[in-house]
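Geometric and topological summary
The lines below spell out each chain.
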Amino acid sequence: SIQSALWKTASFLYGLGLVYFHYNAFQWATKALQQVLYIDPGFSRKNEVHIRLAIMFKNKNDFDAALKHFHLALMDTSPSSLSPLEIRFHIGHLYELQGNFYIAKDIYESILSTDSSTIKLRASTLRQLGWLYHSSISQAMDIHRIQK
């Protein structure tokens, strides 16, 4: 039947996953988008699938899965809604959320050192880098007070 055939069509599932994603139905979006990768590993928009999955995993605090999907999206050179620098920004933010401040700092600084970043991305990166310095200095001061 036509209905059962649709559930085996990668483009249908991709569209369905995007609709679920748009309406924040992340559980259903995750299921639909993972099914896209299962049905068609060479799907033409797989980098977009990886980006959406990474964002949803980041939202659910599954940082390892989010990192995996952001790295897979970064390796894919086909066009996507996020530039490679924006994907690297998200990767840096994931490391920051995990408490890996030095890795996050290095990623943020590498984004700032490139000439191809947009003004909005530079502003976001500077904001995160400023927060990173502020919060790590605050933690160091708290540790110093506790040790006294």
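The rules behind each value
Throughout this document, residue positions are counted from 1 along each chain, in the order its sequence is written. In keeping with the predicted nature of the model, local features appear solely for residues at pLDDT of at least 70, side-chain atom pairs appear and are counted solely at 80 or more, and the whole-chain, interface and lining totals rest on all residues. To get the side-chain values, all heavy atoms of the structure are used, and hydrogens and water are removed first. For every element, the axis is a line fit to its C-alpha atoms; helices are fit only across the contacting stretch, and the angle between N-to-C directions ranges from 0 to 180 degrees. The secondary structure listing takes helices from DSSP runs of H or I that are at least 4 residues long and strands from runs of E that are at least 2 residues long, numbered from the N terminus. Here is the rule for angles: anything less than 35 degrees is roughly parallel, anything more than 145 is roughly antiparallel, 65 through 115 is roughly perpendicular, and the remaining ranges are oblique. Note on convention: near helix rotated counterclockwise from far helix by under a right angle means a left-handed crossing. Clockwise means right-handed. What makes two residues a contact is simply this: any of their non-hydrogen atoms within 4.5 Å. Residues are sorted three ways: Asp, Glu, Lys and Arg are charged, Ala, Val, Leu, Ile, Met, Phe, Trp, Tyr, Cys and Pro are nonpolar, and all the rest, Gly among them, are polar. Residue count minus one, scaled by 1.5 Å, sets the expected span of a helix. Type-normalised accessible area, obtained with a 1.4 Å probe on protein chains alone, sets the label of each residue: buried when under 20%, exposed when over 50%, and partly exposed for intermediate values. Take a side-chain nitrogen of Lys or Arg and a carboxyl oxygen of Asp or Glu: if they are within 4 Å of each other, that pair is a salt bridge. Known as pLDDT, the predictor's per-residue confidence is scaled from 0 to 100. Within this analysis, the arc is defined by the directions that extend from the helix axis to the C-beta atoms.

What to know about the packing of helix α5 (residues 63–75) against helix α6 (residues 84–98)
In the contact formed by α5 and α6, the axes pass within 10 Å of each other and the chain directions differ by 160 degrees. Judged on the interaxial angle alone, α6 and α5 are roughly antiparallel. Along this stretch, α5 crosses α6, giving a crossing that reads as left-handed. Contacts from Phe63, Asp64, Ala66, Leu67, Phe70, His71, Ala73 and Leu74 in α5 reach Pro84, Ile87, Arg88, His90, Ile91, Leu94, Tyr95, Leu97 and Gln98 in α6. Taken together, the residues that form the contact of α5 with α6 break down as 12 nonpolar, three polar and two charged.

As for the packing of α6 against helix α7 (residues 101–112)
Each pair of packed helices gets described by two things: the angle between the helix axes and the distance between those axes. Two elements in contact, α6 and α7, have axes separated by 7 Å at closest approach and are oriented at 160 degrees. By the angle between their directions, the pair α6 and α7 is classed as roughly antiparallel. Relative to α7, the crossing made by α6 is left-handed. When α6 is examined against α7, the residues Leu85, Arg88, Phe89, Ile91, Gly92, His93, Tyr95 and Glu96 are found in contact with a partner set consisting of Phe101, Ile103, Ala104, Ile107, Tyr108, Ser110 and Ile111. In terms of residue class, the contact of α6 with α7 is built from 10 nonpolar, three polar and two charged.

Quick word on α6
The end-to-end C-alpha distance of α6 is 21 Å, a good match for the 21 Å that 15 residues give at a rise of 1.5 Å each. Looking at α6, one finds that the buried residues are Leu85, Ile87, Phe89, His90, Ile91, Gly92, His93, Leu94, Tyr95 and Glu96. Looking at the residues trailing α6, positive phi occurs at Gly99, about 90 degrees.

Considering the pattern of salt bridges
Any two side chains of opposite charge can pair if their charged atoms end up close together. Applying the stated criterion to the full structure yields four salt bridges. Measuring nitrogen to oxygen at the nearest pair gives 3.2 Å for the salt bridge that ties Arg52 to Glu48. Here the residue Arg52 and the residue Glu48 both occupy positions in helix α4 (residues 46–59), the gap between them amounting to four residues, near one helical turn. Both residues of the pair, Arg52 and Glu48, count as buried. Ionic pairing is found between Asp106 and Lys105, a salt bridge with its closest N-O pair at 3.8 Å. Asp106 gets classed as partly exposed once you look at its relative accessible area, which sits at 48%. The exposure class assigned to Lys105 is partly exposed, which follows from its relative accessible area of 22%. Salt bridges here are not isolated pairs; linked through shared partners, they connect Arg45, Glu48 and Arg52.

Section: the confidence of the model for the protein chain
Looking at the protein chain as a whole, the pLDDT averages 90, with 89% of positions reaching at least 70. Here helix α1 (residues 2–6) stands out as the element of the protein chain with the lowest mean pLDDT, 66, in contrast to α5, whose mean of 97 is the highest.

Re helix α2 (residues 10–22)
The terminal C-alpha atoms of α2 lie 18 Å apart, and with 13 residues this matches the ideal 18 Å at 1.5 Å per residue to within 8%. All buried positions along α2 are accounted for by Ala10, Leu13, Tyr14, Leu16, Gly17 and Phe21. The arc that holds the buried residues of α2, viewed along the axis, is 165 degrees, so those residues lie on one side. The elements touched by buried residues of α2 are α3 (26–39) and α4. Looking one or two places after α2, you find Asn24, whose phi comes out positive at around 60 degrees.

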